[in-house]
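# Coordinates in review
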Amino acid sequence: MAQQQQKKQVKMYSAEYFKLCGIGGILSCGLTHTAVTPLDLVKCNAQANPKEFPNVTAGFKRLYGLGGLRALVRGWAPTFWGYSAQGLCKFGFYEFFKYHYANMVGQDNAVKYRSIVYMFASASAEFIADVALCPFEAVKVRVQTSPEFATGLSDGFPKILAAEGVNGLYKGLVPLWARQVPYTIIKFVAFEKVVEMIYNFLGKPKETFTKGQQLCVTFAAGYIAGIVCGAVSHPADTMVSKLNKAKTTGGTGAAIREIYYGTPTQPGIGFAGLWKGFAPRVVMIGTLTGLQWFIYDSFKVYVGLPTTGGAVKK
C-alpha cells in the first residue's frame, strides 16, 4: 500500500514525470526493435539486395543457410542501443513538447486544435530523436546488408568512422528525418485520435475502466496507427537502407539521385524500387507500434502515471 501511494506522488508534467516518460520510451523502443531484428534484417536486405532476397520466406531461408540462428540476429547491438536512445527522446520529448505547446496556445485552443498540438510535439521530439539514432542506424544497416564489412557495433562503428568520417555516420540523417518524422507524426496523432474514438464509442470515461482494459485500448490504437504510419514512411525507409549500404563520398542529395535515377553503369531503383520490402515492414511496424504503446503505457501504470490519451471532456 505504501509503495502504491509513493508511485502516485509523481507530479504530472514535473521533471520527474518527463524523466519517467523517457525511461518508458527506452523500454518501449529498445526492447521491441531488438525483438524483431530477424524481420528487420530480411526487410533491409529486401530493400538493399532485392535479387537475393525476393520475399520474406526466401530471405529467412537464405539468412539461416548463411549462418544459422546467429545470422538472424545480426545487427542486434546497434539496434538495441540506437532505438533505446531514440525511444528516450521520442517519448520523453513528446510529452515535454505536448505540455509546453498546449500552454503556449492556451487551454481552449489546445483542446480545439489538439491534433495540431500532437503533430508539432511529435515532430519536434522525432527531430531530436533521429540525431541520437542516426549513427547506430548507419552501423546497423551496413552490418545487416554487408556482413563482410563488420560483425556488429564494436567493429562497424570505428570502420565507418575511419573510412568515411562523421559523414558516414550521418549521411542518412535527412532521409531518416523524411522517414521518421512523418511516421512519428502519424504514430502519435493517429494513436491519440483512435484512443479518443474508442472511448467515445464505449461511452464511458477512461477512468471508469480498469488499468488492464485501458492497456487493451492502448494496444489496439497503437496497432492501427502503426499500419498507417508504416505505409506512409516506407519509401524513405528504403532510401535510408540504400544510402547506408552504399559507400559514398559526395553529399546526400547527389547520392539519393544516383540511387533513384542510376548511373551509366548502375540502373536506378525508380519509384517501384522504393516499395521493396513493403509487406514485411507493414507487418513489423503494425505489431511493433502496438507493442511499443503497450509497453510504454504499462510502464506508466507501473510507476503510478495515467495511460496516454482519452476522450475529450465536453
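It should be noted that the structure appears before, not after, this text.
Everything in this summary refers to the structure shown in the same document. (Residues numbered from 1 in each chain as written. Predicted model: local features only at pLDDT ≥ 70, side-chain atom pairs only at ≥ 80, totals over all residues. Heavy atoms only, no water.)

Applying the stated criterion across every chain yields a total of twelve salt bridges. For Asp40, the salt bridge is made with Lys140, and the minimal N-O distance between the two is 2.7 Å. Residue Asp40 is located in helix H3 (residues 37-48), and its partner Lys140 is located in helix H7 (residues 114-145); the two are separated by 100 residues in the primary sequence. On the basis of relative accessible area, Lys140 is assigned to the buried category, the value being 1%. (Salt bridge = Lys/Arg side-chain N within 4 Å of Asp/Glu carboxyl O. Helix = DSSP H or I, 4+ residues; strand = E, 2+ residues; numbered from the N terminus. Buried < 20%, exposed > 50% of the residue type's maximum accessible area, 1.4 Å probe, protein only.)

Spanning 16 residues, helix H4 (residues 56-71) covers only 15 Å between terminal C-alpha atoms, well under the ideal 22 Å at 1.5 Å per step. A maximum bend of about 90° is found in H4 at Gly65. Buried-residue contacts for H4 involve H3. (Expected span 1.5 Å × (residues − 1). Bend = angle between axes of the 7 residues up to and from the residue. Contact = heavy atoms within 4.5 Å.)

Attention now moves to the environment of Ser14. For Ser14, the location among the structural elements is in the loop between helix H1 (2-7) and helix H2 (15-35). Residues Ser14 and Tyr99 lie 85 residues apart in sequence; the distance between their C-alpha atoms is 10 Å.

Packing of H3 against helix H13 (residues 278-302) brings their axes to within 9 Å, and their N-to-C directions diverge by 150°. Judged on the interaxial angle alone, H13 and H3 are roughly antiparallel. Here H3 and H13 pass one another in a crossing that is left-handed. Contact residues: H3 offers Leu39, Asp40 and Lys43, while H13 offers Pro280, Arg281 and Met284. When the residues that make up the contact of H3 with H13 are grouped by side-chain class, the tally is three nonpolar, no polar and three charged. (Axes fitted to C-alpha atoms, helices over the stretch in contact; angles between N-to-C directions. Parallel < 35°, antiparallel > 145°, perpendicular 65-115°, else oblique. Left-handed = near helix turned anticlockwise from the far one by under 90°. Nonpolar A, V, L, I, M, F, W, Y, C, P; charged D, E, K, R; others polar.)

Take the packing of H7 against helix H8 (residues 153-170) next. Viewed as axis vectors pointing N to C, H7 and H8 meet at an angle of 115°, and their least axial separation amounts to 9 Å. The way H7 lies across H8 gives a crossing that is right-handed. Each of Val131, Cys134, Pro135, Phe136, Ala138, Val139 and Arg142 in H7 lies in contact with H8, whose residues at this interface are Leu153, Gly156, Phe157, Ile160, Glu164, Gly168, Leu169 and Tyr170. Class assignment for the residues of the contact of H7 with H8 results in eleven nonpolar, two polar and two charged.

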